[in-house]
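# Breakdown of the fold
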Amino acid sequence: MNNFVLRVLVTIIGFTTFFVFSLPPVVKIGAIFTEDQENSAVELAFKYAVYKINKDKKILPRTSLVYDIQYVPKDDSFHASKRACKLVDFGVQAVFGPSDPVLGAHIHAICDALDIPHLEARPDLESEFREFAINLYPAQHLLNAAFQDVMEFLNWTRVAIVYEGDYGIIKLRELIRATNSDLEVHLRQTDLDSYRAVLKEIKTKEIHNVVIDTNPENMPHFLKGILQLQMNDYKYHYLFTTFDLEAFDLEDFKYNFVNMTAFRVVDTQDLSVRELLRDMAAFRLGRPDLLPVLNSSYIQAEAALIYDSVYVFALGLQTLEQSHSLAYPNVSCEREQPWDGGLSLINYINMVGLKGLSGPIEFKEGRRIQFKLDLLKLKQHSLVKVGEWRPGFGVNVTDRGAFFEAGTTNVTLVVTTILEQPYVMMRSDPSLVGNDQFEGFCIDLLKEISSVVGFEYRIELVPDGKYGVIDLETGEWNGIVKQLMEKKADLAVGSMTINYARESVIDFTKPFMNLGISILFKVPTPRKARLFSFMNPLAADIWMYVFSAYVLVSATMFTVARFSPHEWHNPHPCEVFNELLENQFSLANSFWFTIGTLMQQGSDLNPKATSTRIVGGIWWFFTLIIISSYTANLAAFLTVERMITPIENAEDLAGQTEITYGTLESGSTMTFFRDSMIETYRKMWRFMENRKPSVFVSTYEDGIQRVLKGNYAFLMESTMLDYVVQRDCNLTQIGGLLDSKGYGIATPMGSPWRDKISLAILELQEKGEIQMLYDKWWKNTGDTCQRNDKGKESKANSLGVDNIGGVFVVLMCGLAFAVMVAICEFCYNSKKNSIREKRLTNQQSLCSEMGGELCFAMQCRGSRQRPALRRECSKCLNKVAYARDDTKQTSLSPVLPNSP
């Protein structure tokens with residue numbers, strides 16, 4: 001009994017729940033299409049979505065969808081309102097369409113008043129929140145962000161935006177506002193009758209980047225205008241706002257390498273999408289009343305969005321069924337009484353998230369904020385997917401080569417250049433013509449780039465032979481820059497420096513070579529070795545100080561020895577009571593002691609007193625340091641040939657006026673000094689600007705010849721300087737780099753070749769081919785000079801007479817001086833002895849005394865002994881003379897005056 005009651009209660013609760021939380025067995029929906037959409041892909045997608053939901057029963061197992069389709073004339077809002085009220089009377093719980101912006105606004109006003117969900121698939125141009133609207137079309141501000149990201153990726157600097165109708169400018173207004181200040185935007189409104197005029201104006205203004213927002217039905221006429229004006233070549237890039245570019249015939253554009261880019265919302269490469277399109281095509285075949293409006297590989301964006309909108313509505317019903325019941329709407333346009341269940345239903349629809357035919361779907365306040373756009377690019381065979389864009393992630397280009405692809409385009413570019421070694425040079429063979437008459441680093445680089453990117457070229461020399469600099473008074477450019485600005489050349493190849501002024505009027509590729517400004521100067525003449533070079537290790541004032549110290553120490557030694565009692569000693573130690581004391585440090589001996597220790601030879605004089613030993617020790621320490629320093633520095637001065645340059649860096653140049661300096665006229669180096677804010681460089685510019693005659697040169701060769709003449713420094717790029725220095729040993733680089741910059745290939749502003757060539761340069765750099773070209777033209781040409789690095793410490797020169805000949809001169813002078821002193825001593829002693837002998841014996845004359853002494857001195861094998869000289873001692877009363885015996889140094893023997 002209890003079990004029976006329990007089963008009854010469960011059954012009652014189940015039925016109660018079913019009736020309280022369930023959907024009606026039939027849910028009516030309505031669709032409004034324009035008359036031109038009857039039996040179209042949009043209508044087919046709507047019908048197939050309803051058919052599939054009713055057939056699968058996975059989403060709404062107990063409910064079926066029933067639709068009512070109304071067709072209205074385009075731009076007829078009155079009839080559209082009548083058709084909408086007819087759907088309301090039919091009891092629809094949601095209204096789909098139309099895609100026309102004018103009709104859609106009126107239909108939404110009715111749905112909003114009656115609280116009936118309105119699902120759309122059209123561009124939403126209204127900024128206000130619409131409570132009962134669900135729009136499957138991606139939010140317009142996100143689409144504008146996608147277009148902006150593509151333009152930034154393509155580095156567009158000038159763009160023309162072509163739109164139709166007043167709604168076009170409203171749709172793209174955020175795109176115009178979001179563009180940065182560097183992008184030049186030209187807005188042009190057009191229609192079916194003015195396509196050709198607008199395109200012709202764009203062509204005349206040389207605008208090569210165009211954003212096209214036209215009605216899909218007018219697109220063939222617009223494309224025809226492009227063909228008629230011959231704007232279908234590689235220079236032009238068209239960005240279409242339509243999602244259906246694949247639906248148009250682009251056969252005439254595929255093989256001219258015209259750039260066409262667009263987005264699509266349906267990824268036809270997805271397997272689930274392909275399967276769904278096949279089923280939809282099969283559904284069409286089963287309905288003979290439907291025209292063949294689609295195939296198994298493509299579907300229009302609006303059709304896909306309508307299909308997804310039906311599924312969004314069904315999922316909203318499924319979610320609502322779990323917690324609410326849905327009553328039939330009992331509303332009418334006449335009563336304007338809102339439907340009670342409409343608010344709940346629209347809230348549940350707004351929370352739906354799924355992956356539909358048009359990609360991931362999410363909503364916020366009725367606007368779609370989650371989707372994926374495939375980026376399409378026209379190639380030779382068809383439109384292909386080259387990337388994608390997602391909100392919050394930006395554009396992700398997976399095939400960059402599609403925008404910068406190589407290939408044989410049969411395009412001949414005009415390349416302007418300037419003759420400059422080793423970048424661009426003329427061959428010596430006069431029979432060569434065309435591109436064959438040029439050679440050099442940039443010519444080889446241009447060949448490599450053309451083979452990678454895919455183009456032919458014709459080289460022309462710039463008429464005025466200048467790179468290009470702006471005239472501050474007139475604001476006009478000259479040289480290569482002017483050629484590019486006037487579109488007289490497509491590329492500029494050479495030692496073209498990238499700087500701010502040039503970049504503001506032309507475009508540059510990625511730099512193919514990095515460099516800086518440096519100073520070219522003539523190698524200074526080696527200083528001729530002097531006879532007394534051995535004195536160079538010490539400065540002249542140091543030599544004077546050493547001599548003064550020598551005199552001072554000698555005098556101090558003599559004075560201290562005279563005062564110290566320990567320096568006085570008995571000359572005759574055997575005579576204990578001898579009152580005669582001697583001091584070894586006489587004035588002459590003091591000088592001899594000092595000079596002996598200075599020359600590291602010593603002497604037989606040794607200090608005995610503490611005071612004299614202190615003087616001697618300090619002098620020995622002094623001589624140790626002086627001699628060691630002199631010896632260490634002597635090797636460097638005698639064995640290494642030093643080059644003394646009058647300048648070492650830019651500061652030295654700016655701080656003097658004797659050596660003039662200049663740059664290449666109308667070059668980037670001149671612009672660098674002219675516009676620099678660094679005081680040193682500004683001072684140098686003032687000097688160069690006011691110097692007469694002019695310090696600027698027209699070519700690098702003129703600057704190099706001026707440097708070789710002397711007293712001139714040439715400021716030039718380091719790469720060119722390196723090339724010149726390696727070929728002329730009379731030239732050298734002074735200091736380091738004054739700045740850092742690069743050489744690039746210049747193009748006109750907005751040129752489509754810039755990014756293609758930049759990628760080619762990066763590829764060549766990664767492969768090392770640019771470095772090989774550099775080695776070929778800088779190092780392996782065979783005409784480099786063999787520079788002897790005499791200034792390096794590791795390569796010392798052998799010493800010659802010019803280096804140390806002064807030592808021999810000093811030696812000879814010293815020997816001559818010693819001989820002269822000896823002669824003077826000889827004459828003086830001979831005269832003194834002759835006077836004494838004459839007074840004692842009255843026999844010896846000066847001549848005979850000198851003759852005897854000379855004969856004895858000239859005896860090569862003479863005895864080491866000689867007769868003692870008779871001396872008269874004033875202290876000896878008995879006139880006793882003493883003679884020193886050479887054999888016994890300590891004994892003295894008395895000699896009588898008359899003894900033999």
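Before going further, it helps to spend a moment on the overall build of the chain. Summing up its helical and strand segments, the chain has 28 helices and 33 strands in all. Within the chain, buried positions represent 46% of all 900 residues. When the accessible area of the chain is evaluated, it comes to approximately 46,800 Å², of which 55% is carbon and sulfur surface.

Backbone-to-backbone hydrogen bonds join strands into a sheet, with any given pair of strands oriented parallel or antiparallel. The strand order across the open sheet formed by eight strands is 7-6-8-9-10-14-15-16, and the pairing between neighbours is mixed. Since the sheet does not close on itself, it has two edges, and those belong to strand 7 (184-190) and strand 16 (394-397), each with one partner. Here the strands of the sheet are splayed against their neighbours by 25 degrees on average, with no regard to which way each runs. Where strand 9 (residues 237-240) and strand 10 (residues 259-264) come together, four bridges link them in parallel fashion. Residue pairing for strand 10: His237 is matched across the bridge by Asn259. Here helix 8 (residues 195-204) sits on the sheet in contact with strand 6 (158-164), strand 7 and strand 8 (209-213), set at roughly 165 degrees to strand 7.

Turning to the sheet that holds strand 29 (residues 731-734), a few remarks are in order. Spatial ordering of the open sheet is given by 27-28-24-29, a layout of four strands whose pairing is mixed. The sheet is open, and its two borders are formed by strand 27 (660-662) and strand 29, each paired with just one other strand. Here the average twist between neighbouring strands, direction ignored, is 30 degrees. Bridging between strand 24 (residues 517-522) and strand 29 involves four bridges; their strand directions are antiparallel. Residue pairing in the sheet places Leu520 in a bridge with Gln733 of strand 29. The strands that helix 22 (residues 679-690) touches are strand 27 and strand 28 (712-717); relative to strand 27, the one it contacts most, it runs at about 95 degrees. Packing of helix 24 (residues 718-725) onto the sheet brings it into contact with strand 24, strand 28 and strand 29, and relative to strand 28 it is tilted by some 120 degrees.

A full pass over the atoms with the stated rule returns nine cavities of 30 Å³ or more. In this structure, the largest cavity spans a volume of roughly 190 Å³. Around the largest cavity, the lining is made up of 16 residues, and of these Leu154, Trp156, Ser751, Pro752 and Asp755 lie nearest the centre. For the lining of the largest cavity, the residue count by class is five nonpolar, six polar and five charged.

Let us look at the layout of surface pockets. In this model, the largest pocket occupies a volume close to 1,300 Å³. Looking at the largest pocket, it is lined by 42 residues, and the ones nearest its centre are Ser99, Asn215, Pro216, Glu217 and Glu302. Tallying contributions element by element places helix 6 (residues 165-171) first for the lining of the largest pocket, with five residues.

This part covers the packing of helix 14 (residues 441-453) against helix 26 (residues 769-778). Contact pair helix 14 / helix 26: the axes reach a minimum separation of 10 Å and the direction vectors enclose 155 degrees. By the angle class used here, helix 14 and helix 26 are roughly antiparallel. Along this stretch, helix 14 crosses helix 26, giving a crossing that reads as right-handed. Residues Phe441, Asp444, Leu445 and Glu448 of helix 14 pack against Glu769, Ile770, Leu773, Tyr774, Lys776, Trp777 and Trp778 of helix 26. A per-class count over the contact of helix 14 with helix 26 returns seven nonpolar, no polar and four charged.

To continue, consider the side chain of Gln656. With respect to the element layout, Gln656 can be found in the loop between helix 20 (650-654) and strand 27. A polar contact is formed between the side chain of Gln656 and the backbone oxygen of Leu653, at a distance of 3.1 Å.

Summed over the entire model, instances satisfying the criterion amount to one disulfide. One disulfide bridge connects Cys85 with Cys333, the sulfur atoms lying 2.3 Å from each other. Where Cys85 bonds to Cys333 through sulfur, the torsion about that S-S bond is close to -110 degrees, and the disulfide is left-handed. Within this pair, whereas Cys85 is found in helix 3 (residues 77-90), its partner Cys333 is found in the loop between helix 12 (301-321) and helix 13 (342-350), the two being separated by 248 residues in sequence. The residues Cys85 and Cys333 share a single accessibility class, namely buried.

In helix packing, the relevant descriptors are the interaxial angle and the interaxial distance, both defined with respect to the helix axes. Interaxial distance between helix 8 and helix 9 (residues 219-228) falls to 9 Å at its minimum, and their mutual angle equals 45 degrees. Regarding the angle of helix 8 to helix 9, the classification is oblique. Both helix 8 and helix 9 take part in a crossing whose hand is right-handed. The segment helix 8 lies against helix 9, with Tyr195, Arg196 and Leu199 engaging His221, Phe222, Gly225, Ile226 and Gln228.

Another aspect to go through is the confidence of the model for the chain. Per-residue pLDDT for the chain has a mean of 80; in total, 81% of the residues score no lower than 70. A low-confidence stretch, residues 4-20 stays under pLDDT 50, and its non-local contacts, those more than four residues away or across chains, total three contacts. For residues 868-900, every residue scores under 50 in pLDDT, and the model assigns this stretch 34 contacts once sequence neighbours within four places are set aside.

Next up on the list: the pattern of salt bridges. A side chain with one charge may pair with a side chain of the opposite charge, provided their charged atoms come close. Scanning all chains against the criterion turns up 32 salt bridges. For Arg674, the salt bridge identified is with Asp675, shortest N-O distance 3.2 Å. On the basis of relative accessible area, Arg674 is assigned to the buried category, the value being 17%. In this structure Asp675 comes out as partly exposed when scored by relative accessible area, which is 44%. Close ionic contact of Glu717 with Lys741 constitutes a salt bridge, the shortest N to O distance being 3.8 Å. One end of the pair, Glu717, is in strand 28; the other, Lys741, is in strand 30 (residues 741-743), with 24 residues separating them in the sequence. Given a relative accessible area of 3%, Glu717 falls into the buried group.

A large share of helix 24 lies buried, amounting to seven of its eight residues. All buried positions along helix 24 are accounted for by Ser718, Thr719, Met720, Leu721, Tyr723, Val724 and Val725.

Turning next to the environment of Asn583. Tracing the backbone through its elements, the reader meets Asn583 in strand 26 (residues 582-583). With relative accessibility at 13%, the residue Asn583 sits in the buried group. Distance in space between the C-alpha atoms of Asn583 and Ser564 is 9.9 Å, their sequence separation being 19 residues.

With that settled, consider the nonpolar core. Core analysis: the biggest nonpolar cluster contains 103 residues, and Phe46 and Phe313 have the highest contact counts within it. Considering each element in turn, this core owes the most residues, 14 residues, to helix 12. In this structure Phe46 touches Ile29, Ala31, Phe33, Tyr67, Ile69, Phe96, Ile306 and Val310, once residues within four positions along its chain are discounted. In terms of nonpolar packing, the next biggest core, distinct from the first, is built from 88 residues, Leu446, Ile519, Met720 and Ala760 among them.

Moving on to the pairing of strand 24. Most of strand 24 is tucked away, with five of its six residues classed as buried. The pairing of strand 24 with strand 28 spans four bridges and is classified as antiparallel. What sits directly across from Leu520, in strand 28, is Phe714.

Structurally, the α-helix is built with 3.6 residues per turn, so residues lying three or four positions apart point the same way. Counted at 1.5 Å a residue, the expected span for helix 4 (residues 101-114) with its 14 residues is 20 Å, and the 20 Å between its end C-alpha atoms agrees. Among the residues of helix 4, Leu103, Gly104, Ile107, His108, Ile110, Cys111 and Leu114 are the ones counted as buried. Across the axial projection of helix 4, the buried residues extend over an arc of 160 degrees, all falling on one side. Buried residues along helix 4 sit in contact with strand 1 (26-34), strand 2 (64-72), helix 3, strand 3 (95-96), strand 4 (118-120) and strand 5 (133-138). For helix 4, the capping residue at the N-terminal end is Asp100, with a side-chain oxygen 3.0 Å from the backbone nitrogen of Val102.

By the definition in use, this model includes 36 aromatic pairs. Their ring planes at 75 degrees and their centres at 5.8 Å tell us that Trp543 and Tyr630 sit as a pair that is edge-to-face. Of this pair, Trp543 sits in helix 17 (residues 540-563) while Tyr630 is found in helix 19 (residues 610-639), placing the two residues 87 residues apart along the sequence. When the centroid spacing of 4.5 Å and the interplanar angle of 25 degrees are considered together, the rings of Tyr661 and Phe687 count as stacked. One end of the pair, Tyr661, is in strand 27; the other, Phe687, is in helix 22, and 26 residues separate them in sequence. Classification of Tyr661 by relative accessible area gives buried; the value is 1%.

What counts and how
Residues numbered from 1 in each chain as written. Predicted model: local features only at pLDDT ≥ 70, side-chain atom pairs only at ≥ 80, totals over all residues. Heavy atoms only, no water. Helix = DSSP H or I, 4+ residues; strand = E, 2+ residues; numbered from the N terminus. Buried < 20%, exposed > 50% of the residue type's maximum accessible area, 1.4 Å probe, protein only. Areas by Shrake-Rupley, 256 points an atom, 1.4 Å probe, with all protein chains shown as cover. Pairing = 2+ DSSP bridges. Axes fitted to C-alpha atoms, helices over the stretch in contact; angles between N-to-C directions. Contact = heavy atoms within 4.5 Å. 1 Å grid on protein atoms, 1.4 Å probe; cavity = no way out; pocket = protein on both sides within 12 Å on 5 of 7 lines; lining within 4 Å. Points joined across faces, edges and corners; volume = space filled by probe spheres on them. Nonpolar A, V, L, I, M, F, W, Y, C, P; charged D, E, K, R; others polar. Parallel < 35°, antiparallel > 145°, perpendicular 65-115°, else oblique. Left-handed = near helix turned anticlockwise from the far one by under 90°. Polar contact = N/O pair within 3.5 Å; in protein donor to acceptor, adjacent residues only side chain to side chain. Disulfide = S-S within 2.5 Å. pLDDT = per-residue confidence, 0-100. Salt bridge = Lys/Arg side-chain N within 4 Å of Asp/Glu carboxyl O. Core = buried A, V, L, I, M, F, W, Y, C linked by side-chain atoms within 4.5 Å. Expected span 1.5 Å × (residues − 1). Arc of directions from axis to C-beta. Phe/Tyr/Trp six-rings, centres within 6.5 Å; stacked < 30°, edge-to-face > 60°.

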